[in-house]
Amino acid sequence: MFLGEYSHSLDEKGRIVMPSKFRAELATECVLTKGQERCLYVFPEDRWEHEASRVLRLPRTDRRARNFSRSFFASASDQSLDRSGRCQVPEPLRMYAGLTKDVTVVGVADHIEIWDTDTWHGVAAEADDYYAAIEEVLSEDGI
């Protein structure tokens, strides 16, 4: 399970050092793709298979589903960590997420998100506000 928030930076070749706690899970191969809110998703190989099968179940007759599938799969990139635990982030994905230098790597249970640090601060603040105020709704649902 991926947990935590880590500050890192992209090197001049577009590589990011993955947190040491995440490396064993990503040791063989991982897949990077576009995420929501202009972040990148990183899936370990086995989790990618599960996520891909979920997307493939979307109805092809629905334009939104087709557009989602196109963006999700067309942007996907198989990557391996090098000996230093670095992962190459392809330029189109860096551009999509606005990654330049400072990035934040976030563990989100079954996947990892890579954010431009400034963007992450705004998203995290909004998520924290939402999280702090949602208690009543969740308790009504028995969560």
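Scroll up to find the structure.
Residues numbered from 1 in each chain as written. Predicted model: local features only at pLDDT ≥ 70, side-chain atom pairs only at ≥ 80, totals over all residues. Heavy atoms only, no water.

J.: Looking at this structure, how should I read the nonpolar core?
T.: Considering soluble globular proteins, one finds that nonpolar side chains tend to be buried as a cluster. Grouped together as the largest cluster of nonpolar side chains are 21 residues, with contacts concentrated most on Ile 16, Met 18 and Leu 26. Of all the secondary-structure elements, those providing two or more residues to this core are strand E3 (30-34), strand E4 (40-44), helix H4 (91-97), strand E7 (102-109) and strand E8 (111-116). Not counting chain neighbours up to four residues away, the residues in contact with Leu 26 comprise Phe 2, Met 18, Val 42, Pro 44, Leu 81 and Ile 112. One finds Cys 39, Tyr 41, Val 55 and Phe 72 within the second-largest nonpolar core, a separate group that totals twelve residues. (Core = buried A, V, L, I, M, F, W, Y, C linked by side-chain atoms within 4.5 Å. Buried < 20%, exposed > 50% of the residue type's maximum accessible area, 1.4 Å probe, protein only. Helix = DSSP H or I, 4+ residues; strand = E, 2+ residues; numbered from the N terminus. Contact = heavy atoms within 4.5 Å.)

J.: For this particular structure, what's the right way to read the packing of aromatic side chains?
T.: Describing an aromatic ring pair means giving the distance of the ring centres and the angle of the ring planes. Using the criterion set out here, one finds ten aromatic pairs in the structure. Here Trp 48 and Phe 72 contribute two aromatic rings whose centre-to-centre distance is 5.1 Å and whose plane-to-plane angle is 20 degrees, an arrangement assigned as stacked. Linking Trp 48 in helix H2 (residues 45-56) with Phe 72 in helix H3 (residues 63-74), this pair joins segments that are 24 residues apart in sequence. Between the aromatic rings of Trp 48 and Phe 73, the centroid separation amounts to 5.9 Å while the plane-to-plane angle is 85 degrees, which identifies the pairing as edge-to-face. On the criterion of sequence distance, the pair formed by Trp 48 in helix H2 and Phe 73 in helix H3 is long-range, its members being 25 residues apart. (Phe/Tyr/Trp six-rings, centres within 6.5 Å; stacked < 30°, edge-to-face > 60°.)

J.: I keep staring at the pairing of E3 and nothing clicks. Help me out?
T.: Note on strand geometry: in a regular strand, side chains alternate between the two faces of the sheet. Of all five residues making up E3, four are buried, and the element is well covered by its neighbours. Note that E3 and E4 share five bridges and pair antiparallel. If you follow Cys 30 over to E4, its bridge partner there is Pro 44. The loop that links E3 with its antiparallel partner E4 comprises five residues; one of these, Glu 37, has a positive phi angle of about 60 degrees. Here E3 pairs with strand E5 (residues 77-79) via three bridges, running antiparallel. Bridge pairing links Val 31 to Asp 78 in E5. (Pairing = 2+ DSSP bridges.)

J.: Could you clarify how one ought to interpret the environment of Glu 113 in this entry?
T.: Summarising the element assignment, Glu 113 is placed in strand E8. Sequence separation between Glu 113 and Tyr 41 is 72 residues; the distance between their C-alpha atoms is 4.7 Å. Not counting chain neighbours up to four residues away, the residues in contact with Glu 113 comprise Cys 39, Leu 40, Tyr 41, Thr 104, Val 105, Val 106 and Val 108. Here the side chain of Glu 113 touches His 111 through a polar contact of 3.2 Å, side chain to side chain. (Polar contact = N/O pair within 3.5 Å; in protein donor to acceptor, adjacent residues only side chain to side chain.)

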